Amino acid sequence: MTIADRWLLPDGMDEVLPPQATRMEQLRRALLDLYDRWGYDLVIPPTVEFLDSLLTGTGTDLDLQTFKLTDQLSGRMMGASADVTPQVARMDAHSLKRSGPARLCYCTTVLRAKADQHQGGRSPTQVGVELFGHAGLDADIEVLRLALTGLEVAGAGETHLALSHIGIYRALVHAAALNAESEYALFEAIERKAFNEVDALVARDVRDPALAEMLQTLPRLYGGQEVLDQAREVFAGAPPAVAAALDELQALCRAVTANHLQAEVYIDLAELRGYQYHTGMVFAAYVPGYGQALAKGGRYDDTGRAFGRARPATGFSMDLKLLASLIESGPRGDGIWAPADDRATLTQAIAHLRAAGERVIQALPGQRVGPREQRCDRQLVETNGEWRVEPLA
């Protein structure tokens, strides 16, 4: 290995330097304070867990993203957390065991075996909330509004909110009684919006003409809120769960448009992300200039069943590193420059300013770098035996 190679990082791993690291920390505090004001308690999940609990109820996608290792003490397989949501579900079901709704939030770095266009880098700092113990629409509305409010706190202006409901596709394929192989092929084609392929698969595997037409139309139902009216016509003869899902989406749209004027709602009834564990509404929030969603969430009931306590749940997550880039942070001039002097009066003045929350940088003997390079816009100046803060000339 050459010297030039020693500083290289693995693909998808990144470091955060000042001033962006400062921006991240400020945003972390702002978001956790926001969640606290909405009643969400902070939890800190472990970095590594046994695979038995870490991958419970999450499907194969998370399994492929998880770094695996052997515990030297027990010999059991462990995994580095690639997604905090299953861990928080375990904490709610097994560790906390609260009665009634439980609101939890978190902010921690996760590790992923590979990056993709939907998840970003391999070591995102995941921040988000989970609301357990309430199956009603009000919980979904609260989580959705909190996600949009968090984006506003992070500096997002125009936001495009993509809404869908897993229950629609789930009810249709259940009524079609497809075998596992046919359902997987149809799922993949719908997710890719491969219309011709969807039409061919439905024509081959679905005998009910009305149901076949519904499944063929499903991937074509996307656009503004008017899509919901179109969907009601298309699914007029669908199972009752489909109408209930459309009602939920309508209510979510009303809540967003009434409280978040900067958010433009987009409906895509073929958005099936997280189909293996989501059970209801799903959403993704996009900001112009970013190729991936800045916030992703939805309902995922009964994830805690494997831990002995099935609970309704809804939540969302965001990548703090990505959020922090919404507002580019240049070097701020917010510090006070102090000379290299060991007099007690100066030491006391510096201590007093720091105790008051000021950023004070004292020069070191022989230092050539000046106050501007140290982000200082003020300086301590001695006048008549007293140290005063004055603007930097």
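Given the structure is predicted, the values throughout are model-derived calculations rather than measurements.

A word on the nonpolar core. A general trend in soluble globular proteins is that nonpolar side chains are found buried together. One finds Tyr35, Leu163, Ile168, Phe235, Leu269 and Leu323 to be the most contacted residues of the largest nonpolar core, which totals 80 residues. Among the elements that line this core, the one with the most residues is helix H5 (residues 137-154), at nine residues.

Looking along a regular strand, one sees the side chains alternate between the two faces of the sheet. As defined by bridge partners, strand E7 (residues 159-165) adjoins strand E9 (residues 263-268) across five bridges and the pair is classed as parallel. Bridging across to E9, His160 finds its partner in Glu264. Pairing analysis gives two bridges linking strand E8 (residues 222-223) to E9, with the strands arranged antiparallel. When the sheet's bridge partners are listed, Gly223 is paired in E9 with Ile267.

Moving on: the pairing of strand E6 (residues 125-132). Of all eight residues making up E6, eight are buried, and the element is well covered by its neighbours. Residues Thr125, Val127, Val129 and Leu131 of E6 are buried on one face, and the alternating residues Gln126, Gly128, Glu130 and Phe132, pointing to the opposite face, are buried as well. Pairing between strand E5 (residues 102-109) and E6: eight bridges, direction antiparallel. Bridged to Ala102 within E6 is Phe132. Looking at chain direction, E6 and strand E12 (residues 313-319) are connected through seven bridges and run antiparallel. Considered in E12, the bridge of Val127 is made with Met318.

This part is about the pattern of salt bridges. Where charged atoms of side chains with opposite charge meet at close range, the side chains can pair. Here the structure, examined in full by the defined rule, presents 22 salt bridges. Between Arg204 and Asp205 there is a salt bridge whose closest N-O contact spans 2.9 Å. With a relative accessible area of 57%, Arg204 lands in the exposed category. Judged by its relative accessible area of 21%, Asp205 falls in the partly exposed class.

The next point concerns the packing of aromatic side chains. Throughout the structure, instances matching the rule amount to five aromatic pairs. Where Phe132 meets Tyr300, the ring centres are 6.4 Å apart and the plane angle is 85°; that geometry is what we call edge-to-face. Taken together, the positions of Phe132 in strand E6 and Tyr300 in the loop between strand E11 (295-299) and E12 put the pair 168 residues apart, joining distant regions of the chain. Look at Phe132 and you get buried, because its relative accessible area is 2%.

It is worth spelling out the environment of Gln276 at this point. You can see Gln276 is positioned in the loop between E9 and strand E10 (281-286). A C-alpha to C-alpha distance of 9.4 Å links Gln276 and Tyr300, two positions 24 residues apart in sequence.

Ordered in space as E14-E13-E15-E16, the four strands form an open sheet in which the pairing is mixed. Where the open sheet ends on each side, the last strands, each with one partner, are strand E14 (359-362) and strand E16 (386-391). Ignoring which end each strand starts from, the neighbouring axes of this sheet average 35° apart. Of the pairings in the sheet, the one linking strand E15 (residues 376-383) to E16 comprises six bridges and is antiparallel in character. Bridged to Gln379 within E16 is Glu390. Packed on one face of the sheet, helix H13 (residues 344-355) meets strand E13 (335-338), E14, E15 and E16 and runs near 150° to E14.

Basis of the calculations
- Here, residues in each chain are numbered from 1, in the same order as that chain's written sequence.
- For this predicted model, a pLDDT threshold of at least 70 governs which residues receive local features, and a threshold of 80 or more governs which side-chain atom pairs are given and counted, while totals over whole chains, interfaces and linings are taken from all residues.
- Hydrogen atoms and water are omitted, and side-chain values are computed over all heavy atoms in the structure.
- For this analysis, a nonpolar core means a set of buried residues of the types Ala, Val, Leu, Ile, Met, Phe, Trp, Tyr and Cys, connected via side-chain atoms within 4.5 Å.
- Each residue is assigned to one of three classes by its accessible area relative to the maximum for its type, calculated with a 1.4 Å probe on protein chains only: buried under 20%, partly exposed between the two thresholds, exposed over 50%.
- Runs of E in the DSSP output that reach at least two residues are strands. Runs of H or I that reach at least four are helices, and both are numbered from the N terminus.
- DSSP calls a pair of strands paired once it identifies at least 2 bridges connecting them.
- By definition here, a salt bridge exists when the distance from a side-chain nitrogen of Lys or Arg to a carboxyl oxygen of Asp or Glu is within 4 Å.
- Each pair of aromatic rings taken from Phe, Tyr and Trp, with Trp reduced to its six-membered ring, is defined by centres within 6.5 Å and is described as stacked if the planes are under 30 degrees apart, edge-to-face if over 60, and tilted in the remaining cases.
- For helices, the fitted axis covers only the stretch in contact; all axes are lines through C-alpha atoms, and the angles between them, taken along N-to-C directions, range from 0 to 180 degrees.
- Note on contacts: a residue pair is in contact if any heavy atoms of the two residues lie within 4.5 Å.

Coordinates in, geometry out; function isn't part of it.
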